[in-house]
Amino acid sequence: MITFQKTLNIFFQNDHFVAVDKPSLFLSVPSRMGKQDERPVLGLQLQELLQKKVFPIHRLDYGVSGLVLFALSQEAHRVSNYWFQHRQIKKVYHALTHKKSGEDPQMNQKIIWKSHLVRGKKRVYEKPFGQESLTEAQLIQKKDTCYLWELSPLTGRPHQLRYELSKAGFPILGDELYGATTIWPEGIALRAVSLEFLNPDFVAWKLPKKIEAPLIF
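A brief structural summary. Since we're looking at a predicted model, the values are computed, not measured.

Some points on the nonpolar core
Ranked by internal contacts, the top residues of the largest apolar core, which has 55 residues, are Phe17, Leu46, Trp149, Leu151 and Leu190. Residues within four places of Leu46 in sequence aside, it is in contact with Leu8, Ile10, Val18, Val20, Val54 and Phe70.

Details of the side chain of Asn14
Topologically, Asn14 is positioned in the loop between strand E2 (8–13) and strand E3 (17–22). In this structure Asn14 comes out as buried when scored by relative accessible area, which is 15%. A distance of 2.8 Å separates a polar side-chain atom of Asn14 from the backbone nitrogen of Phe17. One polar contact links the side chain of Asn14 to the main-chain carbonyl oxygen of Trp205, over a distance of 2.9 Å. Setting aside anything within four residues of it in sequence, one finds Asn14 in contact with Leu72, Trp205, Lys206 and Leu207.

A closer look at the pairing of E2
As paired elements, E2 and E3 share four bridges and run antiparallel to each other. The residue of E3 that forms the bridge with Ile10 is Val20. Hairpin connection from E2 to E3: three residues lie between these consecutive antiparallel strands.

Things to note about the pattern of salt bridges
Under the definition given, this model contains eight salt bridges. One salt bridge connects Asp61 with Arg162, and the closest N-O pair in it is separated by 3.0 Å. Remark: Arg162 occurs in helix H3 (residues 160–167) and Asp61 occurs in the loop between strand E4 (55–56) and strand E5 (65–71); sequence separation between them is 101 residues. Arg162 sits in the buried class, given a relative accessible area of 10%. Here Lys110 makes a salt bridge to Glu136, at a shortest N to O gap of 3.8 Å. With Lys110 in the loop between strand E6 (89–98) and strand E7 (111–119) and Glu136 in strand E9 (residues 131–142), the pair connects residues that are 26 residues apart, well separated along the chain. What makes Lys110 exposed here is its relative accessible area of 52%. Through salt bridges with shared partners, a single network forms among Asp61, Arg162 and Asp175.

Reading the values: rules and limits
Residues numbered from 1 in each chain as written. Predicted model: local features only at pLDDT ≥ 70, side-chain atom pairs only at ≥ 80, totals over all residues. Heavy atoms only, no water. Core = buried A, V, L, I, M, F, W, Y, C linked by side-chain atoms within 4.5 Å. Buried < 20%, exposed > 50% of the residue type's maximum accessible area, 1.4 Å probe, protein only. Contact = heavy atoms within 4.5 Å. Helix = DSSP H or I, 4+ residues; strand = E, 2+ residues; numbered from the N terminus. Polar contact = N/O pair within 3.5 Å; in protein donor to acceptor, adjacent residues only side chain to side chain. Pairing = 2+ DSSP bridges. Salt bridge = Lys/Arg side-chain N within 4 Å of Asp/Glu carboxyl O.

Here's what the structure looks like:
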């Protein structure tokens, strides 16, 4: 594992791809403000570390931590974009959320949440004409003051997991934008913990079947 400025950890690297742990309160890629935005940028720090160009394939929100995959060539970028667009990479997240009064949800029972989302300036909203959002969720642990969820987005909408948990009555700790009342030390308590490659071509690109990030909740 390579550590950069005590914040950047690489979990996997070959000639084609690199998988890195994005800290919370990091941008995945530069914002529209460019150099005027002083927030740290994962992609730029990774390029500096590797001394080569990296190609972003997907992103995590600023307040979210966890596994992000970058391509190291244009061809790898093209192929992996296809995988993501055609749902051939399974993404799994963990989230710590508020409890709510009333009956507890059942443990380890998979639920499918469905919404139609429209993106506003800062957050998403549900509208009949919005894009379909599908999320697989299951409660995996009940803690003293919160729940631990495992989530897999079946579509790739902005803020999808944050919205769905809030809609179900379980806002993510620290996520004030979607109704949280409990502060989280940094960012929000949402972490990308694994990427599983469903397209058999992952073997030709010398990727493991699954890349995982350490669990921290």
